[in-house]
Amino acid sequence: MKYVATLNGKKYEIEIERVDGYRPLDRGAAAVAPAPIIAQAAAPAPVPAAAAPAPAPAAGGQSVDAPMPGKILGVKVNVGDAVTAGQTVVVMEAMKMETEIVAPASGTVTAIHVNSGDMVESGAPMVTIG
């Protein structure tokens, strides 16, 4: 199918074709094991000087981990605070967007592993809830 699209006052003629391999996701179906990914060896990325290794979470608690790399904008809880599931515990900036990280379960904050301004990697522990 051919279409004419106008972008910033300039007209573009575009053609769209249907791809036979396309299959919409079935959100109601049971989970299917993903296809194996073949990894290629790559040079390790340089680690920024400001990034320090994150301390390990306290034993026996549930760790709230960073879902993506980013900068910690604020920690909304203190050690000893009671939190409920869904309560914001950390606010971080990733990809120029503020993201509120919430507690996955109710409990008491037993440890805080980050401070405002810290850079974290994906999967780094930020808060431990006991």
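In what follows, the structure referred to is the one given above.
A brief report on the enclosed structure follows. (Residues numbered from 1 in each chain as written. Predicted model: local features only at pLDDT ≥ 70, side-chain atom pairs only at ≥ 80, totals over all residues. Heavy atoms only, no water.)

Observations concerning the environment of Met95
Its location among the elements puts Met95 in the loop between strand E6 (88–94) and strand E7 (97–102). We classify Met95 as exposed; its relative accessible area is 70%. Measuring from C-alpha to C-alpha, the distance between Met95 and Lys71 comes to 9.7 Å, with 24 residues separating the pair along the chain. (Helix = DSSP H or I, 4+ residues; strand = E, 2+ residues; numbered from the N terminus. Buried < 20%, exposed > 50% of the residue type's maximum accessible area, 1.4 Å probe, protein only.)

Focus: the sheet that holds E7
An order of E7-E6-E4-E9 is seen for the four strands of this open sheet, with the pairing classed as antiparallel. Pairing within the sheet leaves two strands with one partner each, and these edge strands are E7 and strand E9 (119–120). Examined bridge by bridge, strand E4 (residues 70–75) and E6 share four bridges and lie antiparallel to one another. Across the sheet, Gly74 pairs through a bridge with Val91, a residue of E6. (Pairing = 2+ DSSP bridges.)

Function cannot be read off these values alone, since they describe shape.
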